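# Notes for the structure review
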Amino acid sequence: MPSIHEILEIAKKAAAAARAVQIKGLTEGHTVTHKGRTNDLVTSADLESERVIRTLVHQHYPDHGFLGEESGHSSSESPWLWVVDPIDGTTNYARGIPFFCSSIAVRHEGRTVVGVVDNPIAGETFWAAEGQGAFLNGRPIQASTAEKFTEALMATGFYYDRGRNIELTLSGIQKFYNQGIMGLRRLGTCAMDLCYLAAGRFDGYFEIGINAWDFAAGEFIARQAGCTVTDEQGKPLGMDKSYIIAGSPQLHPQMLEILSDWRTTPRVF
Ligand code: IPD
Ligand code: CA
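Analysis parameters
- Residues numbered from 1 in each chain as written.
- Chains lettered and ligands numbered in written order.
- Predicted model: local features only at pLDDT ≥ 70, side-chain atom pairs only at ≥ 80, totals over all residues.
- Heavy atoms only, no water.
- Pairing = 2+ DSSP bridges.
- Helix = DSSP H or I, 4+ residues; strand = E, 2+ residues; numbered from the N terminus.
- Axes fitted to C-alpha atoms, helices over the stretch in contact; angles between N-to-C directions.
- Contact = heavy atoms within 4.5 Å.
- Near = heavy atom within 4 Å.
- Polar contact = N/O pair within 3.5 Å; in protein donor to acceptor, adjacent residues only side chain to side chain.
- Areas by Shrake-Rupley, 256 points an atom, 1.4 Å probe, with all protein chains shown as cover.
- Nonpolar A, V, L, I, M, F, W, Y, C, P; charged D, E, K, R; others polar.
- Buried < 20%, exposed > 50% of the residue type's maximum accessible area, 1.4 Å probe, protein only.
- Phe/Tyr/Trp six-rings, centres within 6.5 Å; stacked < 30°, edge-to-face > 60°.
- Lys NZ or Arg CZ within 6 Å of the ring centre and 35° of its normal.

### Focus on the sheet that holds strand β13 (residues 204–210)
Across a sheet, strands are paired by hydrogen bonds formed along the backbone, either parallel or antiparallel in direction. Taken together, five strands build an open sheet; the order of strands is β12-β11-β13-β15-β14 and the sheet is mixed. Of all the strands in the sheet, the pair left with one neighbour each is β12 (183–185) and β14 (228–230). Strand-to-strand, the axes of this sheet are offset by a mean angle of 15 degrees, without reference to chain direction. In the sheet, strand β11 (residues 153–156) pairs with β12 via three bridges, with the strands oriented parallel. Its bridge partner lying in β12, M154 is registered against L184. Lying over the sheet, helix α4 (residues 164–178) contacts β11, β12, β13 and β15 (242–247), oriented at roughly 170 degrees with respect to β13.

Now the structure itself:
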């Protein structure tokens, strides 16, 4: 059985391979199409990044399972599963906004044990491994200790779905501003939102309708850094599409309370 250390090194190598594809696509050009809904884009760099990650993983571990945003789930008997978003922040990438990342989580027997999130343009690689804590470019990172919303910088996102979920998100934003928050950001990548939370740059993050490939690595890195990450009921995230409420340990229970209508309104996604 491979060690966690070995898996982490392969995940970092895979992120480095994707980084090269992404920088090349941004500088030399790439194509953009959409996946059904006109606001849900995919670029040639998404597809090529996922291809190089998948190839590298299967070169080392031919029997491991793989779930990628673009190529789907390959079933496997193995207890290992790689959960990959080749580019999180695809809309940013497609528009030439240099803020995106690759996100690679490795799960063993249903629990995430390694997470790597790589932002090629900022030159920042976030990672965490079970029992080792969370790191940014090799330096340990920790959740913020913010206790009050007046000292909180928050983040959110909007899923591609429109209608009721957007209303719930917008009313959530209003409620946090009513608490006197410092400000709110919408970076356009859930994985970076969670890593910024892990590094104490953000104090809270909330979003409706997030897929496992978007959150798997980031939520693990955030938890390893001491953040609390749950769904709207306060339960740990699994592999299903979910609501996400994440924050410093002090703010998280208050966030659940403020977003209590998320708990009582039936999920639509
Ligand atoms: C999206 C980003 C965005 C979030 C969306 C995601 P993609 O992922 O994470 O921040 O608001 O819900 O779908 O499409 O860039 O991989
Ligand atoms: Ca993506």
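### Some words on the site of ligand 1
The environment of ligand 1 is formed by 17 residues, the closest being D88, G89, T90, Y160 and E207. In this structure, an oxygen atom belonging to ligand 1 sits 3.4 Å away from a main-chain N or O atom of I87. Take T189: an N or O atom from its main chain is 3.0 Å from an oxygen atom of ligand 1. In the complex, the protein chains occlude 98% of the 380 Å² of accessible area that ligand 1 would expose alone. Elements supplying a minimum of two residues to the shell around ligand 1: β5 (80–88) and β13. Broken down by element, the residue count for the shell around ligand 1 peaks at three residues, all from β5. Of the residues in the shell around ligand 1, the class split is six nonpolar, five polar and six charged.

### As for the pairing of strand β6 (residues 101–108)
Counting buried positions along β6 yields eight of eight residues, so the element is predominantly enclosed. Side-chain alternation along β6 places C101, S103, A105 and R107 on one buried face and S102, I104, V106 and H108 on a second face that is also buried. Pairing between β5 and β6: seven bridges, direction antiparallel. Its bridge partner lying in β6, D85 is registered against S103. Here seven bridges tie β6 to strand β7 (residues 111–119), and the two strands are oriented antiparallel to one another.

### Side note on the packing of aromatic side chains
By the definition in use, this model includes 11 aromatic pairs. Here W127 and F135 contribute two aromatic rings whose centre-to-centre distance is 4.4 Å and whose plane-to-plane angle is 20 degrees, an arrangement assigned as stacked. By relative accessible area, W127 is classed as buried at 11%. On the basis of an interplanar angle of 70 degrees and a centroid distance of 5.4 Å, the ring pair of Y243 and W262 is categorised as edge-to-face. Residue Y243 is found in strand β15, and its partner W262 is found in helix α8 (residues 260–264); the two are separated by 19 residues along the sequence. Y243 gets classed as buried once you look at its relative accessible area, which sits at 0%. Three or more aromatic residues link up through ring pairs in this structure, and these residues are F149, F176, F206, Y243, W262 and F269. The lysine or arginine in question, R201, covers the ring of Y196, its NZ or CZ lying 4.7 Å from the ring centre.

Purely spatial values, then, with no claim about function.
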